[in-house]
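# Summary of structural features
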Amino acid sequence: MICLLCFGLSDTLLAQTAPIIAVSEEGSAWRIKVEARLAVSPKQLWAALTDCNQARDFIPHFESCRILEKESAGKWDIRENISNPPFLPRNRTIIRSVYRAPNGFSYKLVSGDMKQSEGAWELTPQKDATLLNYSALFEPLISIPAFMIVPALKKDLADMFQKLEAAAISRP
C-alpha cells in the first residue's frame, strides 16, 4: 500500500488553501482522498460541482458530460462522462449521482470503461470558505504502475481543485 500523506488534517487547513492529497493502492484499484479549504461559498461550489456543462473547465482530461436521466426533484441523475486520461485509452463511463444539496453528493459507476469508479464530495461551510472533501475509488480496465499514476494523480488533483475554485468564484 502506498500512502503519500496520512489524512485527518482538517485543522491544518484553516491556515492554508493548497489541497491535501492522499493516494493509496488497494489491490488493482486506487483510493484518492483530497481535502481543501476553498475561498468560495458552499452555494457557489455546489453550483460548479453539479453543473455538467462546467465540468470540462476544471476536471483534467475531461471531454464531455451529458445527463442521460434525472429525477424531477433533482435528488439523482445518470450522466455519461467521456475523458481521455494519460496512460489509458479514451474512456466512457455512465455514473449515477445521488445529491444531498447543499452538503454533498456521491456517485457510482453504472457501466463503462472502468472496472469500478465511485466517490463522494462533501462540503462543509466555514467562515469565508468551504471545506471540501473528495474521496474516490477507481479501477481502470488495465493496470497502471504506481510510479506512473501517483505523480499524475497528484498533479491532476491539485490542478483540479485550483480550477474548481476559480470556476466556483465565477458563479453567482
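Just so you know, these numbers come straight off a predicted model, no measurement behind them. (Residues numbered from 1 in each chain as written. Predicted model: local features only at pLDDT ≥ 70, side-chain atom pairs only at ≥ 80, totals over all residues. Heavy atoms only, no water.)

## Thoughts on the confidence of the model for the protein
- When pLDDT is averaged along the protein, the result is 90, and 90% of the positions lie at 70 or above.
- Here residues 1-15 is modelled with pLDDT under 50, and outside its nearest four sequence neighbours on either side it reaches 32 contacts, counting other chains as well. (pLDDT = per-residue confidence, 0-100. Contact = heavy atoms within 4.5 Å.)

## Considerations on helix α3 (residues 146-169)
- For α3, which comprises 24 residues, the first-to-last C-alpha distance of 34 Å matches the rise-based estimate of 34 Å (1.5 Å per residue) to within 8%.
- Listing the buried residues of α3 in full gives Ile-149, Val-150, Ala-152, Leu-153, Asp-156, Leu-157, Met-160, Phe-161, Leu-164, Glu-165, Ala-167 and Ala-168.
- Those residues of α3 that are buried lie in contact with β1 (20-26), β2 (29-38), α1 (42-50), α2 (55-58), β7 (114-126) and β8 (129-140). (Helix = DSSP H or I, 4+ residues; strand = E, 2+ residues; numbered from the N terminus. Expected span 1.5 Å × (residues − 1). Buried < 20%, exposed > 50% of the residue type's maximum accessible area, 1.4 Å probe, protein only.)

## Some words on the packing of α1 against α3
- Axis separation between α1 and α3 bottoms out at 8 Å; the angle between their running directions is 110°. On the basis of their axis angle, the class for α1 and α3 is roughly perpendicular. You can see that α1 and α3 cross each other, and the crossing is right-handed. Two secondary-structure elements touch here, α1 through Gln-44, Leu-45, Ala-48 and Leu-49 and α3 through Leu-164, Ala-167, Ala-168 and Ile-169.
- Taken together, the residues of the contact of α1 with α3 sort by class into 7 nonpolar, 1 polar and no charged. (Axes fitted to C-alpha atoms, helices over the stretch in contact; angles between N-to-C directions. Parallel < 35°, antiparallel > 145°, perpendicular 65-115°, else oblique. Left-handed = near helix turned anticlockwise from the far one by under 90°. Nonpolar A, V, L, I, M, F, W, Y, C, P; charged D, E, K, R; others polar.)

## Observations regarding the pairing of strand β3 (residues 62-70)
- Where β3 and strand β4 (residues 76-83) come together, 7 bridges link them in antiparallel fashion. Across the sheet, Cys-65 pairs through a bridge with Asn-81, a residue of β4.
- Between β3 and β4, which pair antiparallel in sequence order, lie 5 residues; one of them, Gly-74, sits at a positive phi of approximately 80°. (Pairing = 2+ DSSP bridges.)

## Let's talk about the environment of Ala-129
- Among the structural elements, Ala-129 can be located in strand β8.
- You can call Ala-129 buried: its relative accessible area is 4%.
- On a C-alpha basis, the gap between Ala-129 and His-61 in space is 27 Å, while along the polypeptide they are 68 residues apart.
- Setting aside chain neighbours within four positions, we find Ala-129 in contact with Arg-37, Leu-38, Ala-39 and Val-40.

## Describing the state of the cysteines
- Under the defined criterion, the tally for this structure stands at 1 disulfide.
- Across the disulfide, Cys-52 is cross-linked to Cys-65 (sulfur-sulfur distance 1.8 Å). Because the torsion about its S-S bond is -105°, the bridge between Cys-52 and Cys-65 counts as left-handed. Pair noted here: Cys-52 is in the loop between α1 and α2 and Cys-65 is in strand β3, with a separation of 13 residues, a long-range link. (Disulfide = S-S within 2.5 Å.)

## Things to note about the pattern of salt bridges
- Summed over the entire model, instances satisfying the criterion amount to 10 salt bridges.
- One salt bridge connects Glu-63 with Arg-90, and the closest N-O pair in it is separated by 2.7 Å. Highlighted residues: Glu-63 in strand β3 and Arg-90 in the loop between β4 and β5 (91-100), separated in sequence by 27 residues.
- Relative accessible area serves as the criterion here: at 52%, Arg-90 is assigned to the exposed category.
- A salt bridge links Glu-80 to Arg-66; its shortest N-O distance comes to 3.2 Å. Taken as a pair, Glu-80 in strand β4 and Arg-66 in strand β3 lie far apart in primary sequence, 14 residues in all.
- Taking relative accessible area as the criterion, Glu-80 reaches 9% and is therefore assigned buried. (Salt bridge = Lys/Arg side-chain N within 4 Å of Asp/Glu carboxyl O.)

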